[in-house]
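Here is how the chains run, residue by residue.
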2 protein chains.
Amino acid sequence: MKHIISVLVENKFGVLARVSGLFSARGFNISSLAVGETEDPAISRMTIIVKGDDKILEQVKKQLNKLIDVIIVKDYIEKEHIDRELILFKVNINKQNRDKVIKIVEESPAHALKIRTDSIIVEIVEGQDEIDKLLNALKRFEIKEMVRTGRIAMEL
Amino acid sequence: MKHIISVLVENKFGVLARVSGLFSARGFNISSLAVGETEDPAISRMTIIVKGDDKILEQVKKQLNKLIDVIIVKDYIEKEHIDRELILFKVNINKQNRDKVIKIVEESPAHALKIRTDSIIVEIVEGQDEIDKLLNALKRFEIKEMVRTGRIAMEL
């Protein structure tokens, strides 16, 4: 099962490497990670998406809690939450498929940030289901570049 | 000067810790970091915001390029690019200030994801100037929680 782990940490050198090192030492690959400042600039939040054995993950969470620069560890899977991600796509277009691509974007929750004759930059901010739907629809065109923020979550 | 560094890496255990360790070893604090899959699931992109001495940063970029799992290092500061971030805020509200908070949100590029009697969850996706403007406007109310993805960028 995928877990959404939020780790509040002191905004200090090396904390990021220590926290992500803890996951990799236990064989967890982090599928996405978003790190940003919180309402208190001395504190950063890491939102980590990991998939793996739940028992080992419990151990990792305990170890995280023992790190001196870690303030709180939360697993959103256990809580009612919203879950959002921002993605930018650059899709190559040509005269033949341009209108088709624009129509797919317009009929989705995404929108175009920039339309050129040979490419379109699309932005989507959604939960994973809507993002996967758009990705699937755009797969038959040439996605030149995709940049994802990684998922973030907030308790309701 | 703030730099926006994009690092394409093999999606493997430990790469994240190695890359972020390289910055902290040189005394750079990463102010935001976004890691997600790319159009190729075997490859992840790390978008890193750092501020610090430009000469030392050049050395860090060279060292990154030498890491076996690093594919490309780009600095968006040198390129024409768009720069976006997703932020979720939870603002505490009450009968007295509720309409004021909603008005600020409606007049900004943000929107409300959830409005309750005692709190409102706001989502904004923008460049840093618009985000700072909204943050400043909401500062006089009680921001209970702020979750940021970290900035991502795309070449135009």
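Presented here is an overview of the structure given in this document. (Residues numbered from 1 in each chain as written. Chains lettered and ligands numbered in written order. Predicted model: local features only at pLDDT ≥ 70, side-chain atom pairs only at ≥ 80, totals over all residues. Heavy atoms only, no water.)

Residue and element names in this part refer to chain B. Tracing the backbone shows Gln63 in helix H2 (residues 54–66). Judged by its relative accessible area of 30%, Gln63 is partly exposed. Taking C-alpha positions, Gln63 is 18 Å from Lys12, a pair spaced 51 residues apart along the chain. Gln63 has contacts with Leu22 and Arg26, leaving out every residue within four places of it along the chain. (Helix = DSSP H or I, 4+ residues; strand = E, 2+ residues; numbered from the N terminus. Buried < 20%, exposed > 50% of the residue type's maximum accessible area, 1.4 Å probe, protein only. Contact = heavy atoms within 4.5 Å.)

Our next topic: the packing of aromatic side chains. All names here are of chain A. The full count for this structure, using the stated rule, is two aromatic pairs over all chains. Considering the side-chain rings of Phe23 and Phe28, the 6.3 Å spacing of their centres and the 85° angle between planes classify their relative orientation as edge-to-face. Neither Phe23 nor Phe28 differs from the other in exposure class; each is buried. (Phe/Tyr/Trp six-rings, centres within 6.5 Å; stacked < 30°, edge-to-face > 60°.)

Facing 52 residues of chain B, the contacting portion of chain A comprises 52 residues. Taken together, both faces of the contact between chain B and chain A bury some 4400 Å²; the carbon and sulfur share is 62%. The tally of links from chain B across to chain A stands at four salt bridges. For Arg45 of chain B, the salt bridge goes to Glu145 of chain A, with nearest N and O atoms at 3.4 Å. Contributions of two or more residues to the side of chain B that touches chain A are made by helix H1 (15–25), strand S2 (30–37), strand S3 (43–51), strand S5 (81–92), strand S6 (111–115), strand S7 (119–126), strand S8 (142–148) and strand S9 (152–155) of chain B. Take the side of chain B that touches chain A: its biggest share by element is eight residues, from S2 of chain B. Bridge count for strand S2 (residues 30–37) of chain A against S2 of chain B is three bridges, and the pairing is antiparallel. The residue of S2 of chain B that forms the bridge with Ala34 of chain A is Ala34 of chain B. (Buried area = accessible area lost by both parts, 1.4 Å probe. Salt bridge = Lys/Arg side-chain N within 4 Å of Asp/Glu carboxyl O. Pairing = 2+ DSSP bridges.)

Residues and elements named next belong to chain B. Burial analysis of S2 places six of its eight residues in the buried class, the great majority of the element. Relative to S3, S2 is paired through seven bridges, and the arrangement is antiparallel. Note on S3: the bridge partner recorded for Leu33 is Ile48. Taken together, S2 and the strand that follows it, S3, pair antiparallel across an intervening segment of five residues.

Looking now at the pattern of salt bridges. Evaluated as defined, the whole model comprises 28 salt bridges over all chains. One salt bridge in this structure joins Glu107 of chain A and Lys103 of chain A, with 3.4 Å as the shortest N-O distance. Residue class for Lys103 of chain A comes out partly exposed when judged on its relative accessible area of 49%. Residue Arg148 of chain B is joined to Glu85 of chain B by a salt bridge in which the shortest nitrogen-to-oxygen separation is 3.0 Å. Here Arg148 of chain B is found in strand S8, whereas its partner Glu85 of chain B is found in strand S5, with 63 residues between them in sequence. For the residue pair Arg148 of chain B and Glu85 of chain B, the accessibility class agrees, reading buried in each case. What you see here is one network of salt bridges that share partners, running through Glu58, Lys61, Asp75 and Glu78 of chain A.

Mapping between the two copies of the chain is achieved by a rotation about an axis and a shift along the axis. Turning chain B through 180° and shifting it by 0.0 Å along the axis lays it on chain A, with an RMSD of 0.0 Å. Here the copies are linked by what is in effect a two-fold axis. Most of the interface of chain B is mirrored in chain A, where 100% of its interface residues again form contacts. (Least-squares fit on C-alpha atoms with pLDDT ≥ 70 in both.)

Before going further, it helps to spend a moment on the pairing of strand S1 (residues 2–10) of chain A. Residues and elements named next belong to chain A. Counting buried residues in S1 gives seven out of nine residues, a clear majority hidden from the surface. Bridge count between S1 and strand S3 (residues 43–51): nine bridges; the pairing is antiparallel. Looking across to S3, one finds that Ile4 is bridged to Ile49.

In short, the description is geometric, and any link to function would need to be established separately.
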